[in-house]
Amino acid sequence: MTNEIPRTTSSTSDRIQAHLEPGPAGQAESPLELRNRQLARAGVEAAQQVLLDRYRLASPVEGFELLRGASQRFNVKLHTLADLVVRIAGPDEGAVQWFPRRPRPAAPALPGLRVPPEARTNHAAVLQAALRRVLHITETDMGNVQLAEHRMLRLEKHTGLNRQFTDFFAFVQDSTTACAQAARQRQQVTVKDVESSDIFDEASREAILQAGSRAAHSLPLVSRAGQVIGLISSHHEQPLRGFSRPQLTALASTGAAVGGWLHWHRQTAVLDALEHLHSTARIAA
């Protein structure tokens, strides 16, 4: 099996989230597509309502425009901004700045990841390099990246996996997957044989098997504070015997490095985008 990893693609949920609109008129949606669109909309709509109340906007549409403008200006996913608008404390009443006196540390190192110097602050480039690194260590060419947002795991990038798989796992809400268990336990989880494992419910098992995956490994991306920010999972065409100690150590190092970088990105680029959103809303008020 080659270690040359094909170009990663955006997840189904990203395509849905792009404009928060259904498909072409008259085109029937599958139940999974409908579920994914509803989940994608729900997080953004919750943020719109927060912004509507906070800034006394005329309509939720204005809240969406604030999110979209900040997302485009700072190259941060709209759904990521929406997640933080809902989860973190808002600015003080009448405050000019949302995050005054905020420190601005340099981007942390990413040992083992082949990220060009000019792309070391780029979210998409770092996640792509992280996925490539994990698949190189685990010796496969199928895998995916999920981020923890809106109390779910959201599929962010993938390679080598088919449409049925990516639609099914666009959002993971329950504990009947290896990735959900790795996130809850904050440790690596190896499924040596998907067909016989008791981790999965039958629907999840079928979605994995039909994609040609017979084994899987999930690596949590953990910040220094112990927060699971995301997961990287590898999928394998044959059942596994397990991984060697050097492989597991290399994976743990990668998970910690990428988790630290994601935390840094949220504390810098993402908060910059939210600060811009706050400033724009105050000027418009």
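Residues numbered from 1 in each chain as written. Predicted model: local features only at pLDDT ≥ 70, side-chain atom pairs only at ≥ 80, totals over all residues. Heavy atoms only, no water.

> Can you help me understand the pairing of strand E3 (residues 152–159) in this one?
Looking along a regular strand, one sees side chains alternate from face to face of the sheet. Of all eight residues making up E3, eight are buried, and the element is well covered by its neighbours. Judged from the seven bridges that link them, strand E2 (residues 142–149) and E3 form a sheet pairing that is antiparallel. When the bridges of E3 are listed, Asn 144 appears paired with His 158. The hairpin formed by E2 and E3 contains two residues between the paired strands, and His 150 there has a positive phi angle of roughly 55 degrees. Note: E3 against strand E4 (residues 171–172), two bridges, orientation antiparallel. Of the residues in E4, the one forming a bridge with Arg 154 is Phe 171. (Buried < 20%, exposed > 50% of the residue type's maximum accessible area, 1.4 Å probe, protein only. Helix = DSSP H or I, 4+ residues; strand = E, 2+ residues; numbered from the N terminus. Pairing = 2+ DSSP bridges.)

> For this particular structure, what's the right way to read the environment of His 265?
Within the secondary structure, His 265 sits in helix H9 (residues 245–284). For His 265, a relative accessible area of 6% puts it in the buried group. In this structure, the C-alpha to C-alpha distance between His 265 and Asn 122, residues 143 residues apart in sequence, is 8.8 Å. Leave out the neighbours within four places in its chain, and His 265 touches Val 76, Thr 121, His 123 and Val 270. (Contact = heavy atoms within 4.5 Å.)

> Honestly, the confidence of the model for the chain in this entry has me stumped. Any pointers?
If pLDDT is low for a region, its predicted coordinates should not be looked at in detail. In the predicted model, the chain carries a mean pLDDT of 90, and 91% of its residues have values of at least 70. Mean pLDDT in the chain bottoms out at helix H1 (residues 12–17), which sits at 39, and peaks at strand E6 (residues 215–222), which reaches 98. Segment residues 1–25: pLDDT under 50, and 61 contacts once partners within four positions in sequence are set aside and those in other chains are kept. (pLDDT = per-residue confidence, 0-100.)

> I tried to follow the pattern of salt bridges on my own but got confused; where do I start?
Opposite charge on two side chains allows them to pair when their charged atoms are near. By the definition in use, this model includes ten salt bridges. Of the charged contacts, one joins Arg 163 and Glu 33 as a salt bridge, the two residues approaching to 3.2 Å between their closest N and O atoms. Separated by 130 residues along the polypeptide, Arg 163 in helix H6 (residues 163–168) and Glu 33 in helix H2 (residues 31–55) bring together distant segments of the chain. Among the ionic pairs, Asp 167 bridges to Arg 163, the shortest N-O distance being 3.1 Å. Residue Asp 167 and its partner Arg 163 are located together in helix H6, separated by four residues, close to a single helical turn. (Salt bridge = Lys/Arg side-chain N within 4 Å of Asp/Glu carboxyl O.)

> Any chance you could explain the packing of H2 against helix H4 (residues 78–87) here in plain terms?
Two numbers describe a pair of packed helices, the interaxial angle and the distance between the axes. H4 packs onto H2 with a crossing angle of 55 degrees between their chain directions and a minimal axis gap of 8 Å. Accordingly, the angle class assigned to the pair H2 and H4 is oblique. As H2 packs across H4, the resulting crossing turns out to be left-handed. Mapping the contact onto sequence places Gly 43, Val 44, Ala 46, Ala 47, Val 50, Leu 51 and Arg 54 in H2 and Leu 78, Ala 82, Val 85 and Val 86 in H4. When its residues are assigned to classes, the contact of H2 with H4 shows nine nonpolar, one polar and one charged. (Axes fitted to C-alpha atoms, helices over the stretch in contact; angles between N-to-C directions. Parallel < 35°, antiparallel > 145°, perpendicular 65-115°, else oblique. Left-handed = near helix turned anticlockwise from the far one by under 90°. Nonpolar A, V, L, I, M, F, W, Y, C, P; charged D, E, K, R; others polar.)

> Explanation requested: the side chain of Thr 80 in the structure shown.
Tracing the chain through its elements places Thr 80 in helix H4. With a relative accessible area of 9%, Thr 80 lands in the buried category. There is a polar contact of 2.7 Å between the side chain of Thr 80 and the side chain of Glu 149. When sequence neighbours within four positions are dropped, the list of residues in contact with Thr 80 reads Glu 149 and Val 270. (Polar contact = N/O pair within 3.5 Å; in protein donor to acceptor, adjacent residues only side chain to side chain.)

> Honestly, empty space enclosed by the protein in this entry has me stumped. Any pointers?
Using a probe with the size of a water molecule, rolled over the atoms, empty space left in the structure can be pinpointed. For the structure shown, the criterion picks out one cavity of 30 Å³ or more. Of the pockets and cavities examined, the largest cavity occupies roughly 120 Å³. As for the largest cavity, its lining consists of 14 residues, and the residues nearest its centre are Phe 165, Phe 169, Cys 179, Ser 233 and His 235. Of all elements in the fold, only E2, helix H7 (178–185), E6 and strand E7 (228–236) reach the threshold of two or more residues within the lining of the largest cavity. Looking at the lining of the largest cavity residue by residue, the class counts come to eight nonpolar, six polar and no charged. (1 Å grid on protein atoms, 1.4 Å probe; cavity = no way out; pocket = protein on both sides within 12 Å on 5 of 7 lines; lining within 4 Å. Points joined across faces, edges and corners; volume = space filled by probe spheres on them.)

> I'm lost on the environment of Leu 147 in this one. Help?
Residue placement: Leu 147 occurs in strand E2. With 70 residues separating them along the chain, Leu 147 and Lys 77 place their C-alpha atoms 12 Å apart. Not counting the four nearest positions on each side in its chain, Leu 147 is found in contact with His 123, Leu 127, Met 152, Leu 153, Arg 154, Glu 156, Ile 229, Gly 230 and Leu 262.

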